[in-house]
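# Per-entry structural report
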Amino acid sequence: MIEDTLSNSRVMIQDMSQGLEEINDLEPAITWDAVLILRQKFVSVIKGYCDLSLFLNASGVASRKLIKRVSDILWNTVRKDKMKEKNHFSNLYSYLTDSKLDCFGLALGVLAGCQVLGFGDVHLAMSEDHVWVLHGLDGEQSTEVTWHEKLSRDRRGEDISNESKASCWIYAGGNPVVCDRKMEVAAIVTALCPVVNCSVSSYEVMLFQQKLLWLLYDNGCLETYPMGLD
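These figures come from a predicted structure and were not determined experimentally.

### Observations regarding the environment of Ser59
Inspection of the secondary structure puts Ser59 in the loop between helix H2 (32-48) and helix H3 (64-75). Classification of Ser59 by relative accessible area gives partly exposed; the value is 40%. Distance in space between the C-alpha atoms of Ser59 and Gly136 is 8.6 Å, their sequence separation being 77 residues. Reaching out from Ser59, the side chain makes a polar contact with the side chain of Asn57 at a distance of 2.6 Å.

### Focus on the nonpolar core
Phe42, Leu66, Ile67, Tyr95, Leu124, Met126 and Tyr225 are the most contacted members of the largest nonpolar core, which has 48 residues in total. Put simply, the parts of the chain that give this core at least two residues each are H2, H3, helix H4 (92-98), helix H5 (103-116), strand E1 (123-126), strand E2 (131-135), helix H7 (181-190) and helix H8 (203-218). The element best represented in this core is H5, accounting for nine residues. Not counting the four nearest positions on each side in its chain, Tyr95 is found in contact with Phe42, Val45, Ile73, Leu74, Thr77, Val78, Lys100 and Leu101. If you look at the next biggest cluster of nonpolar residues, it comprises six residues, including Ala125, Trp132, Leu134 and Tyr171.

### Some points on the sheet that holds strand E3 (residues 141-143)
The strand order across the open sheet formed by four strands is E3-E2-E1-E4, and the pairing between neighbours is antiparallel. Looking along the sheet, the strands with just one partner apiece sit at the ends: E3 and strand E4 (177-178). Of the strand pairs in this sheet, E1 and E4 are connected by two bridges, and their pairing is antiparallel. Its bridge partner lying in E4, Ala125 is registered against Val178. Against the sheet, H5 engages E1 and E2, with an angle of about 155° to E1. Across the sheet, H7 lies against E1 and E4, angled at about 60° from E1, the strand it touches most.

Cut-offs and rules
Residues numbered from 1 in each chain as written. Predicted model: local features only at pLDDT ≥ 70, side-chain atom pairs only at ≥ 80, totals over all residues. Heavy atoms only, no water. Helix = DSSP H or I, 4+ residues; strand = E, 2+ residues; numbered from the N terminus. Buried < 20%, exposed > 50% of the residue type's maximum accessible area, 1.4 Å probe, protein only. Polar contact = N/O pair within 3.5 Å; in protein donor to acceptor, adjacent residues only side chain to side chain. Core = buried A, V, L, I, M, F, W, Y, C linked by side-chain atoms within 4.5 Å. Contact = heavy atoms within 4.5 Å. Pairing = 2+ DSSP bridges. Axes fitted to C-alpha atoms, helices over the stretch in contact; angles between N-to-C directions.

Structural measurements only, silent on function.
So this is what it looks like as structure tokens:
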């Protein structure tokens, strides 16, 4: 929401020497009530389209069928003409307000959807150009939840074999960044995009992102998330 507000509702700062402390005020202000409304909308979509009784198991962890179902919910409620790698599509705000998501945004939505349903074992796994989820008691299962332009077809819900992970560059040769919750927050911050159009970027978004990354760094959240140090 803040990314959208700063990149669309504010005049671009031309003086690059202006300090971060001078742009702390958001216009219009973001209220907690507005955040809660968006959260409730997301919860209603996920729970409204998922009969949890069909996916419960003795282990209490997310099954591949459940993850596929959450991915299906998001896939079927976005505008297909907007499912592209564009600016500002990497967050749930773009999904909840304009039904737009990119690859990372869809994977993030699956992660959040599984948390809404009470499954905390699901985590993001990332390479430089792709994202999928790990789940299970020890994160031993890998499942596709989004698409990739280099793959010949949609593979959402499919298992990612060890052979595929080791041999395919999309999966970083079997050595992806496996996220814990702190690293997932870092991934969300890293995905903030300051680009307004092909020739203009929001200095405010860049400074806001920089401040958040320093907070994450100071709290040890970037120690094992190299993408946040670029």
